[in-house]
Amino acid sequence: MRVLGIDPGTARTGWAVLEKKKGEIIAVAFNCFETKKEEEVAQRLEKIFAEIKRLIKEYTPQIVAIEEVFFSANAKTAFAVGQARGVIFLASQIGKVKSCSYTPLQIKKTVTGYGRAEKKQMGEKVKSILNLQEIPKFDDTCDALAVALTHLYLNGRK
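Residue numbers restart at each chain and count upward from 1, following the sequence in its written direction. The predicted nature of this model means local features are confined to residues of pLDDT at least 70 and side-chain atom pairs, given and counted, to a pLDDT of 80 or more, with totals for whole chains, interfaces and linings taken over all residues. Neither water nor hydrogens contribute to the side-chain values; these are computed over all heavy atoms in the structure.

1. Some thoughts on the overall build of the chain
Numbered from the N terminus, helices here are DSSP runs of H or I no shorter than four residues, and strands are runs of E no shorter than two. Looking only at helices and strands, the chain has five helices and five strands in total. In sequence order, the secondary structure elements of the chain are arranged as β-β-β-α-β-α-β-α-α-α. Based on C-alpha atoms, the radius of gyration is set beside the globule rule, defined as 2.2 Å times the residue count to the power 0.38. By the compact-globule yardstick of 15 Å for 158 residues, the chain fits well, its C-alpha radius of gyration being 15 Å. With respect to the three principal axes, the spread of C-alpha positions in the chain is 45 × 35 × 25 Å. Only protein chains enter the calculation, and the probe is 1.4 Å; a residue is then buried if its accessible area is under 20% of its type maximum, exposed if over 50%, and partly exposed in between. In the chain, buried positions account for 47% of the 158 residues. A sequence separation of at least 24 residues applies to 60% of the contacts in the chain between residues at least 6 apart. Residue contacts follow a heavy-atom distance rule, with two residues in contact if any of their heavy atoms lie within 4.5 Å.

Take a look at the structure:
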């Protein structure tokens, strides 16, 4: 099973492709991409859409797992992330790839065993599980790896 994990955002979107073969989980590729804050919202969303379509075409995942919006004190940020999630779901649909989503609580609990884990704990656990040389530079990339891991742990039987 191959999963494309996404940590959505309009400024930076983290992504990770994980594959589970014969019980082993392998990090195929992971990174993040950014949009420019000077660009119009529609331009930023178009870039996110195009990047997700490209990732789907290049890595051919069976599913796209997307982190749900965490409604913090900043409603403006939550709405922007919601817009990014919308175009990611659309890119998945157009690419004929199923999609699903997980809450930050589900992700933290699945990956670390603790639903209130801090970013550093998540990074260390992701690094350990996937045998990475180092924790990814951006939290967004680490979060995308955690989203993909969550899907594989909860649904990956292949």
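Once you've had a look at it, read on.
2. Quick look at the side chain of T35
The residue T35 is located in the loop between β3 (24-34) and α1 (41-59) in this model. Of note is the side chain of T35, whose polar atom sits 2.8 Å from the side chain of R44. Beyond its immediate sequence surroundings of up to four residues, T35 is in contact with T10, A11, R44, K47 and I48. Counting of polar contacts relies on pairs of N or O atoms within 3.5 Å, with two restrictions inside protein: one atom must be capable of donating a hydrogen and the other of accepting it, and residues adjacent in sequence are counted only when both atoms are side-chain atoms.

3. Description of helix α4 (residues 119-130)
Residue count minus one, scaled by 1.5 Å, sets the expected span of a helix. Here α4 spans 16 Å end to end across 12 residues, near enough to the 16 Å set by a 1.5 Å rise per residue. Every buried residue of α4 is listed here: M122, G123, V126 and L130. With its buried residues spanning 100 degrees around the axis, α4 presents them on a single face. As for α4, its buried residues are in contact with β2 (12-21), β3, α3 (104-112) and α5 (139-155). The arc in question is the one spanned by the directions pointing from the helix axis to the C-beta atoms.

4. As for the layout of surface pockets
Only protein atoms enter the 1 Å grid used here, on which a cavity is any set of points holding a 1.4 Å probe that cannot leave and a pocket is any open set flanked by protein within 12 Å on both sides along at least five of seven lines; residues with an atom within 4 Å of a point are listed as lining. Grid points are joined across faces, edges and corners, and a volume is the space filled by probe spheres set on the points. Computed from the structure, the largest pocket encloses a volume of approximately 680 Å³. D7, P8, G9, T77 and V81 are, among the 30 residues lining the largest pocket, the residues nearest its centre. Secondary-structure elements contributing two or more residues to the lining of the largest pocket are α1, α2 (75-94), α3, α4 and α5. With six residues, α2 is the single largest residue contributor to the lining of the largest pocket.

5. Remarks on the packing of α3 against α5
Between α3 and α5, the least distance of the axes is 9 Å, while the angle of their chain directions is 70 degrees. Viewed along their axes, α3 and α5 adopt a mutual orientation that is roughly perpendicular. Contacts from Q106, I107, T110 and V111 in α3 reach A146, V147, L149, T150, Y153 and L154 in α5. For this scheme, ten residues count as nonpolar: Ala, Val, Leu, Ile, Met, Phe, Trp, Tyr, Cys and Pro. Four count as charged, namely Asp, Glu, Lys and Arg, and the remainder, Gly too, count as polar. When its residues are assigned to classes, the contact of α3 with α5 shows seven nonpolar, three polar and no charged. In this analysis, axes come from line fits to C-alpha atoms, helices being fitted only over the stretch in contact, and the angle between any two N-to-C directions falls in the range 0 to 180 degrees. Relative orientations are named as follows: roughly parallel for angles under 35 degrees, roughly antiparallel for angles over 145 degrees, roughly perpendicular for angles from 65 to 115 degrees, and oblique for any other angle.

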